[in-house]
Amino acid sequence: MRIFLDTANIQEIRDAARMGVISGVTTNPSLVAKEGKGDLRDRVLEICSIVQGPVSVEAVSLDVEGILEEARRLSRWSPHVVVKVPITPAGLEATATLSKEGVKTNLTLCFSANQALLAALAGATYVSPFVGRLDDAGHDGMQVVADAVEILEYYELPTQLIAASIRHPLHSIAAAKAGAHVATIPYKVLMQMVQHPLTDVGIERFLADWKKVMPAPV
Ligand code: E4P
């Protein structure tokens, strides 16, 4: 499973990219708004220069022509740009056209395996089930990921599944076990995945023992 960072924050992306563990970034209108006013194109191009992998940017139009116009414009910014499109009838129609034009898409706000199947049939590059939001609503978000992966693989559909709305490290493990191609993870959760109290205690003990006999690192 690959890991994308779910943020529009440049510093978080720089810090995560330095660790060599992320291969893409997903943003959404709320994440971009959190960073305050500013030129979206500049931000997206800066992100692309840091990760040099897929960078999802959401189209905010809701009608077919509007989505197509936005998606074509966004995709011209960089070959790394993947246009996020909500799964609606208009979103699917636009995706079918964009797929023929070679514009990469990430079908977002996916809450069922049926929606994931439709996204794949329309030619989506990625589809993103929102695990945390399903869990919040009393459903089993990871089951949607598992069902959708099974369907995509059974029918050898090339669409990649991104487990999204990841809220804690256990979601990441479950997504990997369910066969998600990608999990898009907030920076805070990524750091929770890195850190373990026994690692810190272990380092402390090793260094204390070392200092008893050695004056400095070799
Ligand atoms: C995915 O692409 C979305 O940006 C994101 O995962 C949504 O997560 P949230 O439910 O925590 O807002």
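Residues numbered from 1 in each chain as written. Predicted model: local features only at pLDDT ≥ 70, side-chain atom pairs only at ≥ 80, totals over all residues. Heavy atoms only, no water.

Asker: How should the overall build of the chain be read in this particular structure?
Answerer: A tally of regular secondary structure across the chain gives 11 helices and 8 strands. Its C-alpha atoms put the chain at 70 × 40 × 30 Å along the principal axes. Taking all 218 residues of the chain together, the buried fraction comes to 45%. In the chain, 57% of the contacts between residues at least 6 apart in sequence involve partners at least 24 apart. Carbon together with sulfur atoms contributes 57% to the accessible area of the chain, which is approximately 11500 Å² in total. Separation of charge centres in the chain, based on 20 positive and 24 negative side chains, amounts to 6 Å. (Helix = DSSP H or I, 4+ residues; strand = E, 2+ residues; numbered from the N terminus. Buried < 20%, exposed > 50% of the residue type's maximum accessible area, 1.4 Å probe, protein only. Contact = heavy atoms within 4.5 Å. Areas by Shrake-Rupley, 256 points an atom, 1.4 Å probe, with all protein chains shown as cover. Lys, Arg positive; Asp, Glu negative; His and termini not counted. Charge placed at Lys NZ, Arg CZ, Asp CG, Glu CD.)

Asker: I would appreciate a short explanation of the packing of aromatic side chains in the present structure.
Answerer: How two aromatic rings sit relative to each other is set out by the distance from centre to centre and by the angle between their planes. Tallying each qualifying case throughout the model produces 3 aromatic pairs. Aromatic side chains Phe-4 and Tyr-126 sit 6.1 Å apart centroid to centroid with 70° between the ring planes, which places their arrangement in the edge-to-face category. Taken together, the residues span a long stretch of sequence, with Phe-4 in strand β1 (residues 2-6) and Tyr-126 in strand β6 (residues 126-129) at a distance of 122 residues. Look at Phe-111 and Phe-130: their rings are 5.7 Å apart centre to centre, the planes differ by 65°, and that puts the pair in the edge-to-face class. Placement of Phe-111 in the loop between β5 (105-110) and α6 (113-121) and of Phe-130 in the loop between β6 and α7 (131-136) is noted, with a sequence separation of 19 residues between them. (Phe/Tyr/Trp six-rings, centres within 6.5 Å; stacked < 30°, edge-to-face > 60°.)

Asker: I tried to follow the pairing of strand β3 (residues 55-58) on my own but got confused; where do I start?
Answerer: Along any regular strand the residues' side chains alternate between the sheet's two faces. Alternating positions in β3 separate into two faces, Val-55 and Val-57 on one and Ser-56 and Glu-58 on the other, with burial throughout. When strand β2 (residues 24-26) meets β3, the two strands line up parallel, connected through 2 bridges. The partner of Val-25 across the bridge, within β3, is Val-55. Across 4 bridges, β3 lies against strand β4 (residues 81-86) in parallel orientation. Looking at the pairing, Val-55 lines up with Val-81 of β4. Remark: the β3/helix α4 (residues 64-77)/β4 crossover connection has right-handed handedness. (Pairing = 2+ DSSP bridges. Right-handed = clockwise from strand over helix to strand, strands pointing away.)

Asker: I'm lost on a negative patch on the surface in this one. Help?
Answerer: Together, Asp-135, Asp-140, Asp-147, Glu-150 and Glu-153 make up a region of like negative charge exposed at the surface. In terms of residue count, helix α8 (residues 141-154) provides more of the negative patch than any other element does, 3 residues in total. Turning to its location among the elements, Asp-140 is positioned in the loop between α7 and α8. (Patch = residues over 30% accessible without salt bridge, like charges linked within 9 Å, V, L, I, M, F, W, Y side chains within 5 Å. Salt bridge = Lys/Arg side-chain N within 4 Å of Asp/Glu carboxyl O.)

Asker: Help me out: how do you make sense of the environment of Val-21 in this one?
Answerer: Mapped onto the elements of the fold, Val-21 is located in the loop between α1 (10-18) and β2. For Val-21, a relative accessible area of 41% translates into the label partly exposed. Distance from Val-21 to Val-55, taken between C-alpha atoms, is 15 Å for residues 34 residues apart in sequence. When near neighbours in sequence (up to four residues on either side) are disregarded, Val-21 contacts Ile-3, Ala-16 and Leu-190.

Don't take any of this as a statement about function, it's just geometry.
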